[in-house]
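Residues per chain, in single letters:
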Amino acid sequence: MAFIKQEIEINRNTGKPEYDLELTEQVIAATGPDAHPRLAEILPSLVRHLHGFARDVNLTVAEWMAGIELINEAGRMSNDRRDETGLLCDILGLESLVDEITSKLLLNSNITESESGEAITPSAILGPFYRANAPILPNDSSILRTEPGSDWYKQAEHLLAHLSGHVTSATTGKPLRDAMVDIWLAGPNGLYEQQDPSAPDMNLRGRFLTDANGRYALYCIRPTAYPVPGDGPAGRLLKLLDRHPYRPAHIHFIVSKTGYRTLTTQVFDVEDKRVADDVAFAVKKELMVKFKKREGDDRALWDLEYDFTLSEA
Ligand code: MBD
Ligand code: FE
């Protein structure tokens, strides 16, 4: 074999070698009759796109190995405190894309207004820093679990905020009682609680149930822009792509109630310059909010009101 001289055909239009297209069809044809139905449905497209990508860019073995190492490293780095693989998807826009696909499928293509004319609150990506089972707190309590006077608290003092609003049904326009508002955000140092050794467990996380008027209310901080972690493959990739690592100032929410579609979303501070250029491509204009000065409350300098409208399940 070593002495067989191969004739390599070059495609006149692309200037690339003619690669074996049979290979792609062989891989697709290898799927058996008892394959998982959804997997059998999507695998041909996956294989065609993967192979098409490799042929398109003339992917070499060395480059493929670098990609494998990147994915392996992301996997090794991921644990219950960090999700590097999720972060990689975020900076490549994949989580925003599947979020868009999922919400459009669930809403039966493009219906974003219900019969009552109430606009359904748009979704946004979950991101890599959600933790389930945040403490359930009474309305108007604070999700800051740090001691006043601590270094952490001193950084947050000028950002103390009151956040409130209503959860309503898109169908009836009426407020929803006992809807769960699960909220989380990063601290003033740009770190989520699980990334931050100086923050107590579940700091800046909480779940609130709406009252009879559909209202939720809590004390938190006004969010600030921050860079995503730069010490792993996602950070390396951003540098190699000459991209900045910043997420605009945002607050995460999961709003849920039995009989309604669970809404995962984020709101973005319109005054943060990073809203125009999110490293995770999650900003939507309906999710931009304006913090106002809060008067007559020694627990908060800033005030935000934001309502959520849920569609029926
Ligand atoms: C975040 O805080 C975040 O919300 C997303 C989506 C990606 C990286 C960091
Ligand atoms: Fe976030």
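Scroll up to find the structure this text is about.
For every chain, the first residue of the written sequence is number 1, and numbering continues from 1 along that sequence. Lettering of chains starts at A and numbering of ligands starts at 1, both following the order in which they are written. Note on the predicted model: pLDDT of at least 70 is required for a residue's local features to be given, and 80 or more for side-chain atom pairs to be given and counted; whole-chain, interface and lining totals, by contrast, use all residues. To get the side-chain values, take all heavy atoms of the structure and skip hydrogens and water.

Engineer: Is there a simple way to explain the nonpolar core in this structure?
Structural biologist: Taken as a class, soluble globular proteins show a tendency for nonpolar side chains to be buried jointly. Think of a nonpolar core as a cluster: buried Ala, Val, Leu, Ile, Met, Phe, Trp, Tyr and Cys residues, connected wherever their side-chain atoms sit within 4.5 Å. Buried means the residue's accessible area, taken with a 1.4 Å probe over protein chains only, is under 20% of the maximum for its type, while exposed means over 50%, and partly exposed covers the values in between. Ranked by internal contacts, the top residues of the largest apolar core, which has 43 residues, are I143, L163, V167 and F253. Strands are runs of DSSP state E lasting at least two residues, helices are runs of H or I lasting at least four, and both sets are numbered from the N terminus onward. Only α6 (151-156), β2 (160-169), β3 (180-184), β5 (215-221), β8 (250-256), β9 (263-269), β12 (302-305) and β13 (308-310) provide two or more residues apiece to this core. The contact rule is simple, with two residues in contact once any of their heavy atoms fall within 4.5 Å. Leaving out residues up to four positions away in the same chain, I143 has contacts with L137, I183, L185, N203, L204, R205, G206, F208, L218, Y219 and C220.

Engineer: Help me understand a nonpolar patch on the surface, please; the structure alone is not making it clear to me.
Structural biologist: A contiguous nonpolar patch, built from F53, V57, L59, V61, W64, M65 and I68 and spanning about 670 Å² of accessible area, is present on the exposed surface. Those elements that place two or more of their residues in the nonpolar patch are α2 (37-57) and α3 (61-77). In terms of residues, the nonpolar patch owes the most to one element, α3, which gives four residues. Mapped onto the fold, F53 is located in helix α2. Patch building starts from residues that exceed 30% relative accessible area and form no salt bridge, then joins like charges within 9 Å and nonpolar side chains (Val, Leu, Ile, Met, Phe, Trp, Tyr) within 5 Å. Using the Shrake-Rupley algorithm and a 1.4 Å probe, accessible areas are obtained, with residue cover drawn only from the displayed protein chains. Definition used for salt bridges: Asp or Glu carboxyl oxygen within 4 Å of a side-chain nitrogen of Lys or Arg.

Engineer: I tried to follow the coordination of the iron ion (ligand 2) on my own but got confused; where do I start?
Structural biologist: Octahedral metals with six donors have ideal donor angles of 90 or 180 degrees. Tetrahedral metals with four donors have an ideal donor angle of 109.5 degrees. For the iron ion (ligand 2), every protein donor is listed as Y192 (OH), H250 (NE2) and H252 (NE2), and the spread of their distances is 1.9 to 2.1 Å. In this analysis a donor is any N, O or S atom within 2.8 Å of a metal ion (3.2 Å for sodium, potassium and calcium), and since water is not included, sites may seem incomplete. In the primary structure, the donors to the iron ion (ligand 2) are separated according to the pattern Y-x57-H-x1-H. One end of the pair, Y192, is in the loop between β3 and β4 (205-209); the other, H252, is in strand β8, with 60 residues separating them in the sequence. Here the two residues Y192 and H252 agree in accessibility, since each one is buried.

Engineer: What's the story with the pattern of salt bridges in this structure? I'm lost.
Structural biologist: Should their charged atoms come close, side chains of opposite charge can pair. Using the criterion set out here, one finds 20 salt bridges in the structure. The closest approach of N and O atoms between R131 and E193, which form a salt bridge, is 2.4 Å. One end of the pair, R131, is in the loop between α5 (94-106) and β1 (141-142); the other, E193, is in the loop between β3 and β4, and 62 residues separate them in sequence. Accessibility expressed as a relative area gives 24% for R131, which makes it partly exposed. Taking the relative accessible area as the measure of exposure, E193 reaches 6% and is therefore buried. Beyond isolated ion pairs, a larger network of salt bridges with shared partners links R131, E193, D201 and R205.

Engineer: Would you take a moment to explain the side chain of T265 for this structure?
Structural biologist: By the element assignment, T265 lies in strand β9. Judged by relative accessible area, which is 0%, T265 ranks as buried. In protein, a polar contact means a hydrogen-donor-capable atom and an acceptor-capable atom, both N or O and within 3.5 Å, with residues adjacent in sequence counting only if both atoms are side-chain atoms; elsewhere, any N or O pair within 3.5 Å suffices. A distance of 2.9 Å separates a polar side-chain atom of T265 from the backbone oxygen of P122.

Engineer: Explain the packing of helix α4 (residues 84-91) against helix α7 (residues 233-240) to me, please; I cannot follow it from the model alone.
Structural biologist: A pair of packed helices is characterised by two quantities: the angle between their axes and the separation of those axes. Axes here mean lines fitted to C-alpha atoms, for a helix over just the part in contact, with angles spanning 0 to 180 degrees between N-to-C directions. It is at 8 Å that the axes of α4 and α7 come closest, and there the two elements cross at 25°. Our classification of the angle between α4 and α7 gives roughly parallel. The residues of α7 that touch α4, namely those facing E84, L87, L88 and I91, are P233, A234, G235, L237 and L238. The nonpolar class holds Ala, Val, Leu, Ile, Met, Phe, Trp, Tyr, Cys and Pro. Asp, Glu, Lys and Arg form the charged class, and all remaining residues, Gly among them, are polar. Counted by class, the contact of α4 with α7 contains seven nonpolar, one polar and one charged residues. Just so you know how the angles are binned, under 35 degrees is roughly parallel, over 145 roughly antiparallel, 65 to 115 roughly perpendicular, and the rest oblique.

Engineer: I tried to follow unusual backbone geometry on my own but got confused; where do I start?
Structural biologist: Negative phi is the rule for most residues except glycine; trans is the rule for most peptide bonds. In this structure, N133 takes a positive phi of about 65° despite not being glycine. With respect to the element layout, N133 can be found in the loop between α5 and β1. Of the residues examined, N133 reaches a relative accessible area of 59% and is grouped as exposed. Notably, D178 is not glycine yet its phi reads approximately 60°, a positive angle. Considering the arrangement of structural elements, one finds D178 in the loop between β2 and β3.

Engineer: Looking at this structure, I do not really get α5. What am I missing?
Structural biologist: Expected span, for any helix, means 1.5 Å times one less than how many residues it has. The terminal C-alpha atoms of α5 lie 18 Å apart, and with 13 residues this matches the ideal 18 Å at 1.5 Å per residue to within 8%. Taken together, the buried positions of α5 are occupied by E95, S96, D99 and S103. Buried residues in α5, looked at end-on, bunch into an arc of 100°, giving them a common side. An arc is given here, and it is the one of the directions from the helix axis to the C-beta atoms.

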